[in-house]
Each structure stands twice: as C-alpha cells, then as structure tokens.
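Per-entry structural report
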Amino acid sequence: GIPVFVEVVQVVRELAGRGCEQRILSDANSVFIDEVLRAACLQRHFSAVATNLGEWEPYAREDHDDHETHNDDILRVAPYQPRDRPHGCPRCPENLCKGAVLDQWRAELRPRRVVYVGD
C-alpha cells in the first residue's frame, strides 16, 4: 500500500468535521490520488480533484524466456491542461498551472480564506 501519515488523515478528517471545503490540486495523476484517498478512506472529504488523468491500459506481452503471454497494465497519463490550449504561464509546466486552477476555484467559491498546503 501507499503510506499516508496518520497525522495527515487526522487533519483532513478534523477539517471536514468543521465544514471546511477541501480540494486536491496536484501534478500527480488521478490513479495515484484515488489510490491514496481510498487507502486512507478519505475520498468523501474532498469535493474536487484537479490533476492529470491517469488510466490503466491493458497490455499483453510475450516473455521471451518462457514464451508465455503475460497480461500487464500500463498507466497512461494525460495532461490536465489540453495541449491545444496552453495556459501560457512561464513558471509552470505545460501540463498544469496550479495558480490558474487556484484562481478558478477562488472565483467559483469566493472563500474568506484559502489555505494551500503543498509544493
């Protein structure tokens, strides 16, 4: 499994209990984030996730040693930001401008306070 600090789980649950809206903004991928949230039973505490789309794709390969066909899956990751609509931020990678997403969320929610935890 994917290790999750118990203190992180406690804080997420505490904030949810206080009615705080929690969202995830990550340059990882949806498969990884879903696995972490599921492993820690935290899915219901987040109202939105903005990240690169991850999808498992079936892949069959022949092993040259045993001449058997093995079914493996490949994780395919697509960028959050469509390549044909670049965000134009010179500080961010092409696939995701976290500042732009935060601006969208702030405009949508009009919160009194935003606390950003991460990199």
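A brief structural summary. (Residues numbered from 1 in each chain as written. Predicted model: local features only at pLDDT ≥ 70, side-chain atom pairs only at ≥ 80, totals over all residues. Heavy atoms only, no water.)

**So, the packing of aromatic side chains**
The relation between two aromatic rings is expressed through the spacing of the ring centres and the mutual angle of the planes. What the rule picks out here adds up to zero aromatic pairs. Its guanidinium or amino end placed over the ring of W105, R23 lies 5.0 Å from that ring's centre, counting from NZ or CZ. (Phe/Tyr/Trp six-rings, centres within 6.5 Å; stacked < 30°, edge-to-face > 60°. Lys NZ or Arg CZ within 6 Å of the ring centre and 35° of its normal.)

**Description of the pairing of strand β1 (residues 23-29)**
In terms of residue burial, β1 counts as a mostly covered element, since five of its seven residues are buried. The sheet contact formed by β1 and strand β2 (residues 48-62) spans four bridges and is parallel. Within β2, the residue paired with R23 across the bridge is A48. Handedness of the crossover is the feature at issue here: the chain leaves β1, passes through helix α2 (residues 30-39), returns alongside β2, and the resulting connection is right-handed. (Buried < 20%, exposed > 50% of the residue type's maximum accessible area, 1.4 Å probe, protein only. Helix = DSSP H or I, 4+ residues; strand = E, 2+ residues; numbered from the N terminus. Pairing = 2+ DSSP bridges. Right-handed = clockwise from strand over helix to strand, strands pointing away.)

**Some words on the nonpolar core**
Counting residues in hydrophobic clusters, the biggest one holds eight residues: V9, V12, I24, I33, L37, A40, L42 and F46. Those elements that provide at least two residues to this core are α1 (6-17) and α2. (Core = buried A, V, L, I, M, F, W, Y, C linked by side-chain atoms within 4.5 Å.)

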